[in-house]
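Fold and geometry: a report
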Amino acid sequence: MTIGQNLRDCGLERSDAFALLSHCLQRNKAWLIAHAVDEIPAAQNEHFLALISRKKAGEPVAYLTGKKEFFGRDFVCTPATLVPRPETELLVELALRHGDALGLEVNVLDLGTGTGCVAITLAAERARWQVKATDVSLAALKVAEHNAQRLSVSVSNISFSQGAWFNELSDNAFDLIVSNPPYIAHDDPHLQGDGLRFEPRGALTDERDGLEAYRVIAAQSANYIRVGGVVLVEHGFDQAQAVAALFAQAKGWSAITLHHDLAGMPRVT
């Protein structure tokens with residue numbers, strides 16, 4: 001069967017089909033289009049068919065290919081980490097904007113780093129910033145460290161440590177704290193749907209109401225941030241009011257602002 005026939009008849013969305021076949025043949029999308037009438041070698045065709053079956057069973061494409069693009073860079077993804085989402089790029093954009101307003105040399109803390117996509121992007125975009133990334137999962141930290149190495153991010157401006165939220169931190173003075181924590185409620189039916197059921201549950205839900213991480217960050221981050229510093233947290237589209245209320249109730253916070261993603265959904269406070 002030709003490349004074009006496989007892409008057309010595989011039963012997947014076009015973008016997913018291109019991603020999987022590109023992975024199997026180690027060729028980009030433009031090459032696949034230009035060689036649409038070429039036959040696929042038997043071994044690669046068998047691999048492609050196996051990946052199609054796994055995708056139809058709900059497994060994320062990022063786990064099948066082992067990578068996901070974020071902010072113009074490819075990040076290694078494994079089942080130990082959450083798959084980076086495009087809406088999280090807003091968190092990075094806001095961090096860059098607020099960090100630049102704070103000065104040239106900014107100390108950043110990324111809580112719950114996962115693949116490291118936020119922390120590594122900030123370190124790569126701003127070589128003079130000092131970025132510390134934490135995660136409770138050692139497996140996730142190993143993925144993040146690998147991503148930093150393969151993306152050639154200098155160890156001079158990024159470091160990784162294991163710990164839940166602020167537990168393993170001393171009273172470091174950060175200028176900027178960012179986090180995309182688990183925010184899905186434990187009883188949300190989406191957790192059992194395609195995609196999410198393959199991702200690490202601990203990166204998706206706090207096994208409570210989805211707000212536990214924000215309670216901790218709102219209550220404790222004032223102890224780790226300089227006066228005038230900024231905290232940025234990503235959250236679900238329906239959690240903006242609750243997250244803002246938690247910060248309003250905590251001591252020391254002002255200028256609580258909501259930002260919307262490209263789809264117009266409330267996404268970062």
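The rules we used
- Residues numbered from 1 in each chain as written.
- Predicted model: local features only at pLDDT ≥ 70, side-chain atom pairs only at ≥ 80, totals over all residues.
- Heavy atoms only, no water.
- Helix = DSSP H or I, 4+ residues; strand = E, 2+ residues; numbered from the N terminus.
- Rg over C-alpha atoms; globule rule 2.2 N^0.38 Å.
- Buried < 20%, exposed > 50% of the residue type's maximum accessible area, 1.4 Å probe, protein only.
- Contact = heavy atoms within 4.5 Å.
- Salt bridge = Lys/Arg side-chain N within 4 Å of Asp/Glu carboxyl O.
- Phe/Tyr/Trp six-rings, centres within 6.5 Å; stacked < 30°, edge-to-face > 60°.
- Lys NZ or Arg CZ within 6 Å of the ring centre and 35° of its normal.
- Pairing = 2+ DSSP bridges.
- Axes fitted to C-alpha atoms, helices over the stretch in contact; angles between N-to-C directions.
- Core = buried A, V, L, I, M, F, W, Y, C linked by side-chain atoms within 4.5 Å.

**Quick look at the overall build of the protein**
Scanning the protein from terminus to terminus reveals 10 helices and 9 strands. Rg of the C-alpha trace for the protein: 20 Å, near the compact-globule value of 18 Å for 269 residues, within the 12% margin. Seen along its three principal axes, the alpha-carbon backbone of the protein occupies a region of about 65 × 40 × 35 Å. Classification of the 269 residues of the protein by burial places 48% in the buried group.

**Considerations on the environment of Leu102**
Following the sequence through the fold, Leu102 ends up in helix H6 (residues 89-102). On the basis of relative accessible area, Leu102 is assigned to the partly exposed category, the value being 37%. Along the backbone, Leu102 and Gly228 are 126 residues apart, and their C-alpha atoms lie at a distance of 8.4 Å. In this structure Leu102 touches Asp175 and Gly228, once residues within four positions along its chain are discounted.

**Focus on the environment of Leu191**
Structurally, the position occupied by Leu191 is in the loop between strand E6 (174-179) and helix H9 (212-220). Residue classification places Leu191 among the buried positions, given a relative accessible area of 4%. In this structure the C-alpha to C-alpha distance between Leu191 and Arg201, which are 10 residues apart in sequence, comes to 8.1 Å. Dropping the residues within four chain positions of it, Leu191 is found in contact with Ile184, Ala185, His186, Leu196, Arg197, Arg201, Leu204 and Thr205.

**So, the pattern of salt bridges**
Summed over all chains, the structure comprises 13 salt bridges. Note that Arg226 and Asp175 form a salt bridge whose closest N and O atoms lie 2.9 Å from each other. Remark: Asp175 occurs in strand E6 and Arg226 occurs in strand E7 (residues 225-233); sequence separation between them is 51 residues. Judged by relative accessible area, Asp175 falls into the buried class, the value being 12%. Taken together, the salt bridges that share partners define one network made up of Arg208, Asp209, Glu212 and Arg215.

**Section: the packing of aromatic side chains**
Summed over all chains, the structure comprises 4 aromatic pairs. Geometrically, the ring pair formed by Phe70 and Phe75 is edge-to-face, given 6.2 Å between the ring centres and 80° between the ring planes. In terms of burial, Phe70 and Phe75 fall into one category: buried. When the centroid spacing of 5.8 Å and the interplanar angle of 75° are considered together, the rings of Phe247 and Trp253 count as edge-to-face. Grouping residues by exposure puts Phe247 and Trp253 together as buried. Site record: aromatic cluster; members linked through ring pairs are Phe70, Phe71 and Phe75. The residue whose ring lies beneath Lys29 is Phe18, and the NZ or CZ to ring-centre distance is 5.0 Å. Note that Arg126 overlies the ring of Trp129, its terminal NZ or CZ placed 5.9 Å from the centroid.

**Describing the sheet that holds E7**
Taking strand neighbours across the sheet as the criterion, the 5 strands line up as E5-E4-E3-E6-E7 in an open arrangement whose pairing is parallel. Only two strands of the sheet have a single partner each, and these edge strands are strand E5 (158-162) and E7. Recorded for the sheet is a direction-independent mean angle of 20° between the axes of neighbouring strands. As judged from the 5 bridges shared by strand E4 (residues 130-135) and E5, these two strands associate in the parallel manner. When the bridges of E5 are listed, Val131 appears paired with Ile158. Contacts from helix H8 (residues 138-150) reach E4 and E5 within the one sheet, and its direction differs from that of E5 by about 170°.

**Examining the nonpolar core**
Most often, soluble globular proteins keep nonpolar side chains buried together rather than apart. Counting residues in each nonpolar core, the largest one holds 30 residues, and the members touching the most others are Leu122, Leu176 and Leu232. Of all the secondary-structure elements, those providing two or more residues to this core are H6, helix H7 (117-125), E4, H8, E5, E6 and E7. With 26 residues, the next largest nonpolar core counts Leu169, Phe174, Tyr183 and Leu246 among its residues.

**Looking at the pairing of strand E1 (residues 67-70)**
Remark: a regular strand shows side chains that alternate across the two faces of the sheet. Alignment of E1 against strand E2 (residues 73-76), held across 4 bridges, turns out to be antiparallel. Bridge assignment links Lys67 to a residue of E2, and that residue is Val76.

**Digging into the side chain of Ser221**
Relative to the assigned elements, Ser221 resides in the loop between H9 and E7. On the accessibility criterion, Ser221 (0% relative accessible area) is buried. Ignoring any residue separated from it by four or fewer positions in sequence, one finds Ser221 in contact with Phe166, Ile177, Val216, Val231 and Trp253.

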